[in-house]
Amino acid sequence: MFADLYVPFPVNGSFTYGVPAGKELLPGCRVVVDFSGRQTLAFTVNVHESEPKEYKVKEITSVIDDEPVFDRRLIKLSEEIASYYFSSPGEVLSLAVPSGRKPSGRYRVPFEKSEKRNINLDHDQARIYEEIIDQYKAGSLHHLLFGVTGSGKTEVYIELARYLIERGRSVIYLVPEISISSQIFSRLYNVFGDELIIYHSSITPNQRLHSWNKFLKGEARIAVGTRSAVFLQCPDLGAIIVDEEHDGSYKENSSPRYNARRVAFYRSKNEKSLVVLGSATPSVESLYAAESGALKLHRFTKRFGSSKLPEVEVVEFNPGDGKDYLSSTLKLFTKRAVDEGNQVIYLLNRRGFSPFVLCNQCGHVVECPHCSISMNFHGSAGLLCHYCGMKKKLPEVCEKCGSDEIVKLGSGTQRVEDYIKNAYRDFRIFRLDRDSVKKKNSAGELVEKMNRGEIDLLLGTQMVAKGFDFPNVTVVGILMADIGLHLPDFRASERIFSLLVQVAGRSGRGEKPGRVILQTLNSEHPVFRYIRDHDYYSFYRAELEERKLLKYPPYSRLVRLLVRGHDEERVIETVNRLRSEIDSFVRTSKADITVLGPASAPLSKIAKNYRHHIILKSKNTEELHRTVAEVRKISGTGKIYLEIDMDPYDLL
Ligand SMILES: [Zn+2]
Ligand SMILES: [Zn+2]
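Reading the values: rules and limits
- Residues numbered from 1 in each chain as written.
- Chains lettered and ligands numbered in written order.
- Predicted model: local features only at pLDDT ≥ 70, side-chain atom pairs only at ≥ 80, totals over all residues.
- Heavy atoms only, no water.
- Donors = N, O, S within 2.8 Å, 3.2 Å for Na, K, Ca; no water.
- Tetrahedral: all angles 85-135°; square planar, octahedral: opposite > 155°, others 65-115°.
- Helix = DSSP H or I, 4+ residues; strand = E, 2+ residues; numbered from the N terminus.
- Buried < 20%, exposed > 50% of the residue type's maximum accessible area, 1.4 Å probe, protein only.
- Pairing = 2+ DSSP bridges.
- Axes fitted to C-alpha atoms, helices over the stretch in contact; angles between N-to-C directions.
- Contact = heavy atoms within 4.5 Å.
- Core = buried A, V, L, I, M, F, W, Y, C linked by side-chain atoms within 4.5 Å.
- Right-handed = clockwise from strand over helix to strand, strands pointing away.
- Phe/Tyr/Trp six-rings, centres within 6.5 Å; stacked < 30°, edge-to-face > 60°.
- Lys NZ or Arg CZ within 6 Å of the ring centre and 35° of its normal.
- Salt bridge = Lys/Arg side-chain N within 4 Å of Asp/Glu carboxyl O.
- Polar contact = N/O pair within 3.5 Å; in protein donor to acceptor, adjacent residues only side chain to side chain.
- Parallel < 35°, antiparallel > 145°, perpendicular 65-115°, else oblique.
- Left-handed = near helix turned anticlockwise from the far one by under 90°.
- Nonpolar A, V, L, I, M, F, W, Y, C, P; charged D, E, K, R; others polar.
- Expected span 1.5 Å × (residues − 1).

(A) Region of interest: the coordination of the zinc ion (ligand 1). Protein coordination at the zinc ion (ligand 1): the donors are C359 (SG), C362 (SG), C398 (SG) and C401 (SG), at 2.2 to 2.4 Å from the metal. Geometry at the zinc ion (ligand 1) is tetrahedral, judged from the 4 donor atoms that bind it and their angles of 105 to 112 degrees at the metal. Taken in sequence order, the residues that donate to the zinc ion (ligand 1) follow the motif C-x2-C-x35-C-x2-C. Taken together, the residues C362 in the loop between β15 (356-359) and β16 (376-377) and C401 in the loop between β18 (391-392) and β19 (406-409) connect sequence positions 39 residues apart. Note on C362: relative accessible area 24%, which makes it partly exposed.

Right, here's the structure in full:
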């Protein structure tokens, strides 16, 4: 017997190996083989009796699974994903199927199980639930739930899941990275009990395999998990719910660079399952898709129950010489909240790694005239556009108002933290960021501490915005809101808008009204006005207009080609050669493609690797694919690498 296998490397097609005599092997099982002198995991896609004539086959080293852990559907999916994202089916499978060898140990639920609560949908929720079920029966599979923070989307998801599970189908519920440890898990557990599995990267591979198998066999019918849970196999997939669909963590950052949201649509097409996206701040692309009819849009009109949206106050605040980081307004409301026994969250956006310049008088920021993204300050080299590479001298006076007060912003956030700890010496302050959350169960601990009222002020990065639900938080402070707004990224406004709305949504979720203090150097900036007015639609319209003008998504697709390596000269030489190859292919094929760059990436050096990129824009996905397929061979010489990112989310 012979087996065709996919290997987890960027290679074309499958490879045929001999099945050891007396061994039974089924498609869908994992094996270990010698591949180019290396023992490697491989995936059985086909077992047959026809021996290849052209070469002598090697024998499989060992068989891992007694029973299949995936089927035809996952093989097909991995082929589709591989072809869209320029990787190989084996690479997709090695990401999709858990790496555990022996399924073991149930995952202990980190929460106490309380009594089963019955969910009573309010008017809005019931209307939307009925709408979706009716449309689903009529054949509409793709839906977008758009509701302000705290409007109760979760209850609708739960009822939909219950509806499908009662009909023998399975449901995958995706959440962004962090909120997995927040309260959503215990809420689902209270409803579904042992029908629920949890699936994410902080459980061990063997535990993950255990959950995988349970879901595969239909012994559990609802799975909650992060990005890679989108690949979970089940007898009959009823729905994939993508909560906080705008969140960047659905996009994988290394090859295969898939977006779980897109994978959900592939699965829906193959398995006739529902896709339900939900957000308080839908991505511009998703809302655009809804407006053009590709998704059914369902809008919540208000928050759930009696809670109201928080009052947002935009405070013009200039830290000046860097001695003060808190406006008197923010201090006042913070102290008052804590005195009254309530809790406060401060958001400190730390993504501003590369300084930009801003006019202290009018708030104007220099942008690249071609790309409409903020230019970054690079010392004596002046200002640089990280998309197209354009350079400009640092202006001596503001090009808009003529003021000579040009300030550089975007670094020194550590100082802010120290300052805050000093300013509120008797507060119990807890810090939440990527480092602190990595420690085992620290997020779970945080949730418990917040609930028990043992924290007065929670200080954190973007993470504090994600999915937390603490009824005693009455004040949210946003320090330096300008950082992040001026990142060299065409999605900068969208991200800061959604981040600030989400973090604002953490306040006033209970009976007590919430207040948000947003400190900025430029209170006139339209994005802050939209946030203050809770006006997503105006933001969306303005954003669409700008993107249309410059042909950014949803009016085009992007591919980023990033060349990296230790030797910068060779990186530059390669990226230049890549550009001329692209140019000549585009000329001869007459493809409708705009080419930006090469330019050094905003993060110009990571782990000794110099990074230069080219960005391709086009309305025509097929032409983009053909162009990239044609020029991708150019890399691979020596230690210079080419990373291809289809629909990049992060352009830093
Ligand atoms: Zn100015
Ligand atoms: Zn530019």
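(B) Representation of the sheet that holds strand β8 (residues 196-199) in the model. Reading across the sheet, the 7 strands line up as β8-β9-β7-β10-β11-β6-β12 and stay open at both edges, with parallel pairing between neighbours. The open sheet is flanked by β8 and β12 (296-299), the only strands paired with a single partner. Pairs of neighbouring strands in the sheet enclose a mean axial angle of 20 degrees, with direction left out of account. The pairing of strand β6 (residues 142-146) with strand β11 (residues 274-279) spans 5 bridges and is classified as parallel. Across the sheet, the residue bridging to L145 is G278, located in β11. Across the sheet, helix α6 (residues 205-216) lies against β7 (170-174), β8 and β9 (222-225), angled at about 140 degrees from β8, the strand it touches most.

(C) Here's a closer look at the nonpolar core. L500, L561 and L616 are the most contacted members of the largest nonpolar core, which has 112 residues in total. When neighbours within four sequence positions are excluded, L500 is seen to be in contact with L347, I478, A481, L518, F528 and I531. Judged by nonpolar contacts, the second largest core, of 33 residues, contains I128, Y189, I222 and V276.

(D) Molecular detail of the pairing of β8. Of the two faces of β8, the one lined by L196 and I198 and the one lined by I197 and Y199 are each fully buried. Taken together, the 4 bridges between β8 and β9 define a ladder with parallel strand orientation. When the bridges of β9 are listed, L196 appears paired with I222. In this fold, the crossover linking β8 to β9 by way of α6 has right-handed handedness.

(E) Molecular detail of helix α5 (residues 184-192). Burial runs high along α5: 8 of the 9 residues are buried. Within the span of α5, buried status applies to I184, F185, S186, L188, Y189, N190, V191 and F192. Looking at the buried positions of α5, the neighbouring elements they touch are α4 (153-166), β7, β8 and β9. Among the residues trailing α5, G193 stands out with phi positive, at a value near 50 degrees.

(F) How the structure looks around the packing of aromatic side chains. Under the criterion given, the structure shown has 23 aromatic pairs. Feature note: the residues F146, F497, Y530, Y536, Y537, F539 and Y540 constitute an aromatic cluster, connected by ring pairs. In this structure, K617 is placed above the aromatic ring of Y552, and the distance from its NZ or CZ to the ring centre is 4.4 Å.

(G) Just the pattern of salt bridges, in detail. Summed over the entire model, instances satisfying the criterion amount to 32 salt bridges. Measuring nitrogen to oxygen at the nearest pair gives 3.3 Å for the salt bridge that ties R169 to D236. One end of the pair, R169, is in the loop between α4 and β7; the other, D236, is in the loop between β9 and β10 (237-243), with 67 residues separating them in the sequence. The exposure class assigned to R169 is buried, which follows from its relative accessible area of 12%. D236 sits in the partly exposed class, given a relative accessible area of 31%. One salt bridge in this structure joins K392 and E399, with 3.6 Å as the shortest N-O distance. The partly exposed category is assigned to K392, whose relative accessible area is 29%. Residues joined by salt bridges that share partners form a network here, namely D71, R73, R267 and E271.

(H) A look at the environment of G505. On the secondary structure map, G505 appears in the loop between α13 (492-504) and β23 (515-520). For G505, a relative accessible area of 1% corresponds to the buried category. Spatially, the C-alpha atoms of G505 and T149 are 5.2 Å apart, while their sequence positions differ by 356 residues.

(I) A look at the sheet that holds strand β1 (residues 2-6). What the 5 strands build is an open sheet, ordered β2-β1-β4-β3-β5; its pairing is antiparallel. Every interior strand has two partners, whereas the edge strands, β2 (15-18) and β5 (62-63), have only one. As paired strands, strand β3 (residues 30-35) and β5 are joined by 2 bridges and run antiparallel to one another. Of the residues in β5, the one forming a bridge with V31 is V63. Packed onto the sheet, helix α1 (residues 72-85) meets β1 and β4 (38-48) and runs at close to 120 degrees relative to β4.

(J) Structural detail: the side chain of H613. Mapped onto the elements of the fold, H613 is located in strand β26 (residues 609-618). One polar contact links H613 to R560, side chain to side chain, over a distance of 2.9 Å.

(K) Structural context of the packing of helix α16 (residues 568-589) against helix α17 (residues 621-631). Packing of α16 against α17 brings their axes to within 10 Å, and their N-to-C directions diverge by 130 degrees. Judged by the inter-axis angle, α16 sits oblique to α17. Along this stretch, α16 crosses α17, giving a crossing that reads as right-handed. Residues L578, E581, I582, F585, V586 and S589 of α16 lie in contact with α17, whose contacting residues are R626, T627, E630 and V631. Of the residues assigned to the contact of α16 with α17, the class counts are 5 nonpolar, 2 polar and 3 charged.

(L) Local environment of α13. With 13 residues, α13 should reach 18 Å at 1.5 Å per residue; the first-to-last C-alpha distance of 18 Å fits that figure. Taken across its 13 residues, α13 has 13 buried, putting it largely inside the fold.

(M) Spatial organisation of the side chain of T334. If you trace the backbone, T334 turns up in helix α9 (residues 328-339). If we skip the residues at most four places from it in the chain, T334 touches V344, Y346, Y424, F427 and L457.

(N) Unusual backbone geometry, seen in detail. For the peptide bond that leads from S255 to P256, omega is -5 degrees, which places it in the cis range. Within the secondary structure layout, P256 lies in the loop between β10 and α7 (260-271). Cis geometry is adopted by the peptide bond preceding P598, which originates at G597 and carries an omega value of 5 degrees. If you trace the backbone, P598 turns up in strand β25 (residues 594-606). Despite not being glycine, H534 has its phi angle at roughly 50 degrees, a positive value. Its place among the elements puts H534 in the loop between α14 (526-532) and α15 (536-550). Relative accessible area serves as the criterion here: at 36%, H534 is assigned to the partly exposed category. A positive phi angle, close to 50 degrees, is found at D647, a residue other than glycine. You can see D647 is positioned in the segment after β27 (641-646).

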